[in-house]
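The lines below spell out each chain.
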Amino acid sequence: VLGPAFADALASAQSGDEAAFTEIFRDVQPALLRYVQVLAPGAAEDIAGDTWLQVVAGFGAFDGEERAFRAWVFTIARHRAVDWGRSRARRSRIPLSAVSERLTSPDTADVVLERISTRAVLESIASLPRDQAEIVLLRVVAGLDTADVARIVGKSQGAVRVAAHRALRRLAKDADRTGVTL
Amino acid sequence: MSGSDASSHEMPGFPSPSWPSREPETPLLDMILDGQPLPNDAPYGVHALAARLAELADPAEPGALPGEAAALAAFSRAHSPGSAAPARRPAPRRRDHLLTAGRARLAAVVAAVAVALGGTAAAYAGDLPRPVQNFAHRLIGAPASRSAPSRAGQQPAGHQGHQPGAGTRTGTPAGHGHRAAQHRKSRGLARRKHGPGSHQLRPAKPGSSPGHRGSRGGPAG
């Protein structure tokens, strides 16, 4: 998260400054890849790439603070991931267990997931029910608040809060049960 | 320490079915979700969970990231001088439609003025078809149709090209050659009962009109 520097970076990037755009990209892309990696395993880079193309197309018209920008980017990514999931479902059904398998397999996005611990916690999140996994990622990885997440996933803020709590309790419980600190 | 007081971390060998009902834990979970620092007395497992989740939000290692080159290329294209993509705050699409509609209206007005001017000039030059020429005569005082006065001696249109001054129009679509060809064609049409141009081109008195004769052998006169 760029914090106070975001406004200047955004203004410079909207004026065509590539360095400023790169700064924003590098700040958002790791979280974006991790989010998409769980939603669309095996297609993270493609979906993230499509997301950035759409972001670039509307970049000049964006007006808002950093949290709103991230919410916008992750909303686009979610739509692309949903589209990917639908097209994938038409071709073949992929069990949810395949998510963990894909997370441990080589992927072009592995440069972002270089740490084993990072990969391990992603695997744990991927083992959660889909809505809980997504909400945790949006809250923790994307850094969005409950209201933003509720808008993105189309649930009430109360439902988002409950799902997030259940997800964290389950993750902590699994860690306690296995004796592994995630 | 009783079992109900011990956390799952303190007694890792025992399952903790009471975990979901521990309402006091909820503020800790909210702290994790909000990225806030946890109190020191929070269970170790919660600390560990918070630390691992925080790693997910960490920035990547220095250097180019996957997809960075493609995203930068798209950004550069969008901001290149010749790009059609707007660099900043594009105008609403509705405005484009309005501009297009305005241009269409302007083009229509220009075309109408051009047609009006051209039509007026043609009317004063006597180049319009006879009914139109007569209408222009009544409306704006343009010369009447040249063949209008001699109703009894209506001539084929092709003969108009041989009137004085008409030679200058030779070679134009309204010139003699074209009209003569039209007349030759009309002879065949005149034999039909419902030929669209036969009535106008057929001589009022077949066989008596000099124009009709002339149409066979070329310009009369």
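Position labels on residues start from 1 in each chain and follow its written sequence. Whichever chain is written first is A, and whichever ligand is written first is 1; the rest continue in order. Given that this is a predicted model, residues contribute local features only at a pLDDT of at least 70 and side-chain atom pairs are listed and counted only at 80 or more, while totals for whole chains, interfaces and linings are drawn from all residues. Working from all heavy atoms in the structure, the side-chain values ignore hydrogens and water.

A. Representation of the overall build of chain A. Along its length, chain A carries 9 helices and 0 strands. Numbering of helices and strands runs from the N terminus; a helix is a DSSP stretch of H or I covering at least four residues, while a strand is a stretch of E covering at least two. The helix and strand sequence of chain A, counted from the amino end, reads α-α-α-α-α-α-α-α-α. Whether a residue is buried, partly exposed or exposed follows from its accessible area with a 1.4 Å probe, protein chains only, as a fraction of its type maximum: under 20%, in between, or over 50%, in that order. The buried share of chain A, taken over its 182 residues, is 52%. Here chain A has roughly 7,700 Å² of accessible surface; of this, 50% comes from carbon and sulfur atoms. The method behind every accessible area is Shrake-Rupley, applied with a 1.4 Å probe, and residues are considered shielded solely by the protein chains displayed.

B. Representation of the overall build of chain B. A count of helical and extended segments in chain B gives 8 helices and 0 strands. Starting at the N terminus and walking to the C terminus, you meet the elements of chain B as α-α-α-α-α-α-α-α. Taken over 221 residues, chain B has a buried fraction of 29%. The contact criterion used throughout is that any non-hydrogen atoms of two residues lie within 4.5 Å. In chain B, once contacts between residues fewer than 6 apart in sequence are set aside, the share between residues at least 24 apart is 25%. Counting only carbon and sulfur atoms, one obtains 60% of the accessible surface of chain B, whose full area is about 14,100 Å².

C. Quick look at the confidence of the model for chain B. Residue-level pLDDT values for chain B average 58, and 26% of them are 70 or greater. As a per-residue quantity, pLDDT reports the predictor's confidence and falls between 0 and 100. A low-confidence stretch, residues 86–98 of chain B stays under pLDDT 50, and its non-local contacts, those more than four residues away or across chains, total 13 contacts.

D. Molecular detail of the packing of helix α2 (residues 18–39) of chain A against helix α7 (residues 130–141) of chain A. Residue and element names in this part refer to chain A. Think of each axis as a best-fit line through the C-alpha atoms, taken over the contacting stretch in the case of a helix, with angles from 0 to 180 degrees between the N-to-C directions. α7 packs onto α2 with a crossing angle of 180° between their chain directions and a minimal axis gap of 10 Å. When the axes of α2 and α7 are compared, the pair comes out roughly antiparallel. Contacts between α2 and α7 involve Ala31, Arg34, Tyr35, Val38 and Leu39 from the first element and Arg130, Ala133, Glu134, Leu137, Leu138 and Val141 from the second. Amino acid classes used here: Ala, Val, Leu, Ile, Met, Phe, Trp, Tyr, Cys and Pro are nonpolar; Asp, Glu, Lys and Arg are charged; the rest, including Gly, are polar. Counted by class, the contact of α2 with α7 contains 8 nonpolar, no polar and 3 charged residues. Between 65 and 115 degrees an angle is taken as roughly perpendicular, under 35 as roughly parallel, over 145 as roughly antiparallel, and anywhere else as oblique.

E. Local environment of the packing of aromatic side chains. Geometry of aromatic contacts follows a simple scheme: Phe, Tyr and Trp rings, the Trp one being its six-membered ring, pair when their centres are within 6.5 Å, and the pair is stacked under 30 degrees between planes, edge-to-face over 60, tilted otherwise. As enumerated under the stated definition, the model contains 11 aromatic pairs over all chains in all. Note on Phe6(A) and Phe69(A): the rings are 5.5 Å apart at their centroids and 45° apart in plane angle, and the pair reads as tilted. Within this pair, whereas Phe6(A) is found in helix α1 (residues 5–14), its partner Phe69(A) is found in helix α4 (residues 66–91), the two being separated by 63 residues in sequence. There is no split in this pair, since Phe6(A) and Phe69(A) are both buried. Here the aromatic rings of Phe59(A) and Phe69(A) are separated by 6.1 Å at their centres, their planes lie at 85°, and the arrangement is edge-to-face. With a gap of 10 residues between them, Phe59(A) in helix α3 (residues 44–59) and Phe69(A) in helix α4 connect regions that are remote in the sequence. Through pairs of rings, three or more aromatic residues link up here, namely Phe6(A), Phe21(A), Phe25(A), Trp52(A), Phe59(A), Phe62(A), Phe69(A), Trp72(A) and Phe75(B).

F. The arrangement of the pattern of salt bridges in detail. Whenever Lys or Arg places a side-chain nitrogen within 4 Å of a carboxyl oxygen from Asp or Glu, that contact is recorded as a salt bridge. This model, assessed by the stated rule, comprises 10 salt bridges over all chains. A salt bridge links Asp34(B) to Arg139(A); its shortest N-O distance comes to 2.8 Å. Taken together, the residues span two chains, with Asp34(B) in helix α1 (residues 25–34) and Arg139(A) in helix α7. The exposure class assigned to Asp34(B) is partly exposed, which follows from its relative accessible area of 43%. On the basis of relative accessibility, which here comes to 6%, the residue Arg139(A) falls in the buried class. The residue Arg161(A) makes a salt bridge to Asp30(B) at a minimum N-O spacing of 2.6 Å. Note that Arg161(A) is positioned in helix α9 (residues 157–178) and Asp30(B) in helix α1, a pairing that runs across two chains. We classify Asp30(B) as buried; its relative accessible area is 17%.

G. Here's a closer look at the packing of helix α6 (residues 116–126) of chain A against helix α2 (residues 44–56) of chain B. Closest axis-to-axis distance for the α6(A)/α2(B) pair is 9 Å, and the angle between their directions is 100°. Viewed along their axes, α6(A) and α2(B) adopt a mutual orientation that is roughly perpendicular. Across from Ser117(A), Thr118(A), Val121(A), Leu122(A) and Ile125(A) in α6(A), the residues of α2(B) making contact are Arg52(B), Leu53(B), Glu55(B) and Leu56(B). Broken down by class, the residue content of the contact of α6(A) with α2(B) amounts to 5 nonpolar, 2 polar and 2 charged.

H. Looking closely at α4(A). Residues and elements named next belong to chain A. To estimate the expected span of a helix, subtract one from its residue number and multiply by 1.5 Å. Along its 26 residues, α4 runs 38 Å from first to last C-alpha, staying within 8% of the 38 Å computed at 1.5 Å per residue. When α4 is considered as a whole, its buried residues turn out to be Glu66, Phe69, Arg70, Ala71, Val73, Phe74, Ile76, Ala77, Arg78, Ala81, Trp84 and Ser87. In the core, the buried residues of α4 are packed alongside α1, α2, α3, α7 and α8 (146–153).

I. Representation of the nonpolar core. Here, nonpolar core refers to any group of buried Ala, Val, Leu, Ile, Met, Phe, Trp, Tyr and Cys residues whose side-chain atoms link them within 4.5 Å. Ranked by size, the top nonpolar core spans 78 residues in total, and within it Phe21(A), Ile24(A), Ile125(A) and Leu53(B) carry the most contacts. The element best represented in this core is α2(A), accounting for 12 residues. Other than its neighbours up to four places away in sequence, Leu53(B) contacts Val121(A), Ile125(A), Val136(A), Val140(A), Leu168(A) and Ile32(B).

J. Up close: the confidence of the model for chain A. Model confidence for chain A is summarised by a mean pLDDT of 86, while 82% of its residues fall at 70 or above. Mean pLDDT in chain A bottoms out at helix α5 (residues 98–104) of chain A, which sits at 54, and peaks at α8(A), which reaches 96.

K. Fine view of the environment of Leu138(A). Residues and elements named next belong to chain A. Take Leu138: it is sitting in helix α7. On the basis of relative accessibility, which here comes to 0%, the residue Leu138 falls in the buried class. Setting aside chain neighbours within four positions, we find Leu138 in contact with Tyr35, Phe74, Gly143, Leu144, Val149, Ile152 and Val153.

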